[in-house]
Amino acid sequence: MYLNQLLIPSKNNIDIFRLIAALLVIYGHAPAFVENSGRGDVVAQLLGFDYSGSLAVKFFFMLSGLLVTASFLSKPQIGEFIVKRAARILPGLFVCLCVSVFIVGPWFTRLSLVDYFSSAQTWNYLIHNTFLYNIEWRLPGVFDDSKHALNGSLWTLPLEVVCYLFLAAIYGLGIWRIQWLTNVMLLSVIYISFFMPHLMIPLFANNQESHLLPGCFALGALFAGNQNRILINAQGVLALVLLTTLLWGSGLKTVAFYVTFFYCCLYLSYQKFIVEKLKMPADPSYGVYIYGFVIQQCLAHMFPTHGILFNQVFSAVIALAIGLLSWYWVEKPSTSFVKKILEPGSLLMNA
C-alpha cells in the first residue's frame, strides 16, 4: 500500500498507536514519582539510548509531522491551517489548566485559599500556559516537595507549535512547490537535529530530549511530502530492520532506529485485525497525555506508600477516562465548530 492510500482514515487505525504512545508516557514517568521502585524501564533496557516516555514523544512528533503536513498539503491555506491547529490544541489545554488551577491547586496547596488565589503565580500559570508563552511550571504551595513540575508534559507543546509555524513558513516561501528543494530542506533539518544540534534555535538546543524533536517532525513531514512514492509493506519493514541492525554499532543507529520504528508503526496501522478489531470511536490520546503527569503527581502524594505499578495502572485508567471526556466534551466540539465556520459559504469565509 502506498502511504497516500494508507492515510485514508478508513484504511488505518493510527489512533490506537497514538493512544499507546500516550500511555507509554505515563509508564515512563512513573519512576520519577515512586522512589526506589526497583523496576527498570523496558524500552531503556532494550535500546540503551532512549526510554519509553521519550520514545513515545518522538513518535508523537513523527506522526504529527506526517498527519499535519498531509492535511496542510491537501488544503494549503496558511490562515486556515493555523486556526485548525489552534483549535486542536488550545481548548483541551485550557480546560486542563483550569482543572489544575481550580481543582488540583486548591486541593493540594499548603497555603490558604485566599493566599493561593491572590498569588500572581496562580494566574500566570493559567494565562501563560494557555498561550504556551513563558510557561509556568508550579502553582503556589502545590507539591513543593516534588522535584518535578506540576505538569511536566507541557514542555513539548510549545515545540510542536514552533514546528507547525515552521511548516507554514516554508510553504509560504514557496519551497513546498519544488519537490526536490522540500526534500533537501527536510533532510537538512533531520541531519542538523541528530548530528549538529548546536545549530538548532535555542528552543530546541537545550537538551537531547528537545533537539531531536524537530528532526522527528521533519521525518514525518518528509514521509507526507513523498506519500505518493513511499510503499508501506512487509518487504520495507524487513529491509529497514536489516539496515538498522547493520548500523547498530555506528553513529547512524539512532536515526536508523527511529525511521524503522515509525515505518513499522505505519505498517501495523493498516493490518486487517488492527483496523477491524481495535478501531476506536474516539481519540483520547491528547487528553491522556496532558492530564497524565498531573494525575501521577496527585496519586503519588495521596498514596505515597503504594508501588510503581499502582501509579502506572491507576494513572492510566483515570487519564483514559478523562481523555475520553476531553475528546467528547472539548476537543471534538472545538474542531467541529472550527470546521463549520471555515466551510465555504460561512460568514467567516465570506468576510
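Structure shown above.
Quick caveat, the model's predicted, so the values are computed rather than measured.

1. So, the overall build of the protein chain
When helices and strands are counted, the protein chain shows 17 helices and zero strands. Over its C-alpha trace the protein chain gives a radius of gyration of 21 Å, about what one expects of a compact globule, namely 20 Å for 351 residues. If one aligns the C-alpha atoms of the protein chain with their principal axes, the spans along those axes are about 60 × 60 × 45 Å. When burial is assessed residue by residue, the protein chain has 51% of its 351 residues classed as buried.

2. Observations concerning the environment of A22
Relative to the helices and strands, A22 resides in helix α2 (residues 14–33). Spatially, the C-alpha atom of A22 lies 26 Å from that of L73, the residues being 51 residues apart in sequence. Those residues in contact with A22 that sit more than four places away from it in its chain are F60, S285, V288 and Y289.

3. Regarding the nonpolar core
L3, L66, F223, I232 and L266 are the most contacted members of the largest nonpolar core, which has 95 residues in total. For this core, the leading source of residues is helix α4 (residues 52–74), giving 12 residues. Not counting the four nearest positions on each side in its chain, L3 is found in contact with L66, F223, Q227, I230, I232 and L266. In terms of nonpolar packing, the next biggest core, distinct from the first, is built from six residues, A30, F33, F293 and I308 among them.

4. As for the packing of aromatic side chains
How two aromatic rings sit relative to each other is set out by the distance from centre to centre and by the angle between their planes. Tallying each qualifying case throughout the model produces 27 aromatic pairs. Residues F108 and F143 carry aromatic rings whose centres are separated by 5.0 Å and whose planes lie at 55° to one another, so their mutual orientation is tilted. Taken together, the residues span a long stretch of sequence, with F108 in helix α5 (residues 78–108) and F143 in the loop between α7 (120–130) and α8 (156–172) at a distance of 35 residues. A connected cluster of aromatic rings, assembled from ring pairs, spans F49, F59, Y191, F194, F195, F223, W248, F257, Y258, F261 and F262. For the cation-ring pair, R177 lies above Y171, with the distance from its terminal atom to the ring centre recorded as 4.9 Å. Positioned over the ring face of W248 is K253, at 5.2 Å from the centre of the ring.

5. Quick look at the side chain of S315
Here S315 lies in helix α16 (residues 308–341). Given a relative accessible area of 0%, S315 falls into the buried group. In this structure, S315 is in contact with I26, I295, Q296, L299 and F310, ignoring residues within four places of it in sequence.

6. Side note on helix α13 (residues 253–269)
Taking 1.5 Å of rise per residue, the 17 residues of α13 would be expected to cover 24 Å, and the 24 Å separating its terminal C-alpha atoms lies within 8% of that figure. Along α13, 13 of the 17 residues are buried, which leaves the element largely enclosed by surrounding structure.

7. A few points about the state of the cysteines
In total, this model carries zero disulfides according to the counting rule given. Unpaired in this structure, C96 has its nearest cysteine sulfur neighbour in C98, at a distance of 9.3 Å. Overall, the relative accessible area of 1% leaves C96 in the buried class. C216 takes part in no disulfide bond, and the closest cysteine sulfur, belonging to C163, lies 9.4 Å away. Residue class for C216 comes out buried when judged on its relative accessible area of 1%.

8. A short note on the pattern of salt bridges
For the structure shown, the criterion picks out eight salt bridges. One salt bridge in this structure joins D283 and R18, with 3.4 Å as the shortest N-O distance. Of this pair, D283 sits in the loop between α14 (272–277) and α15 (285–302) while R18 sits in helix α2; the two residues are 265 residues apart in sequence, bridging distant segments of the chain. Here R88 makes a salt bridge to E331, at a shortest N to O gap of 2.9 Å. Of this pair, R88 sits in helix α5 while E331 sits in helix α16, placing them 243 residues apart in sequence. Taking the relative accessible area as the measure of exposure, R88 reaches 19% and is therefore buried. Taking relative accessible area as the criterion, E331 reaches 1% and is therefore assigned buried.

Rules of the game
- Residues numbered from 1 in each chain as written.
- Predicted model: local features only at pLDDT ≥ 70, side-chain atom pairs only at ≥ 80, totals over all residues.
- Heavy atoms only, no water.
- Helix = DSSP H or I, 4+ residues; strand = E, 2+ residues; numbered from the N terminus.
- Rg over C-alpha atoms; globule rule 2.2 N^0.38 Å.
- Buried < 20%, exposed > 50% of the residue type's maximum accessible area, 1.4 Å probe, protein only.
- Contact = heavy atoms within 4.5 Å.
- Core = buried A, V, L, I, M, F, W, Y, C linked by side-chain atoms within 4.5 Å.
- Phe/Tyr/Trp six-rings, centres within 6.5 Å; stacked < 30°, edge-to-face > 60°.
- Lys NZ or Arg CZ within 6 Å of the ring centre and 35° of its normal.
- Expected span 1.5 Å × (residues − 1).
- Disulfide = S-S within 2.5 Å.
- Salt bridge = Lys/Arg side-chain N within 4 Å of Asp/Glu carboxyl O.

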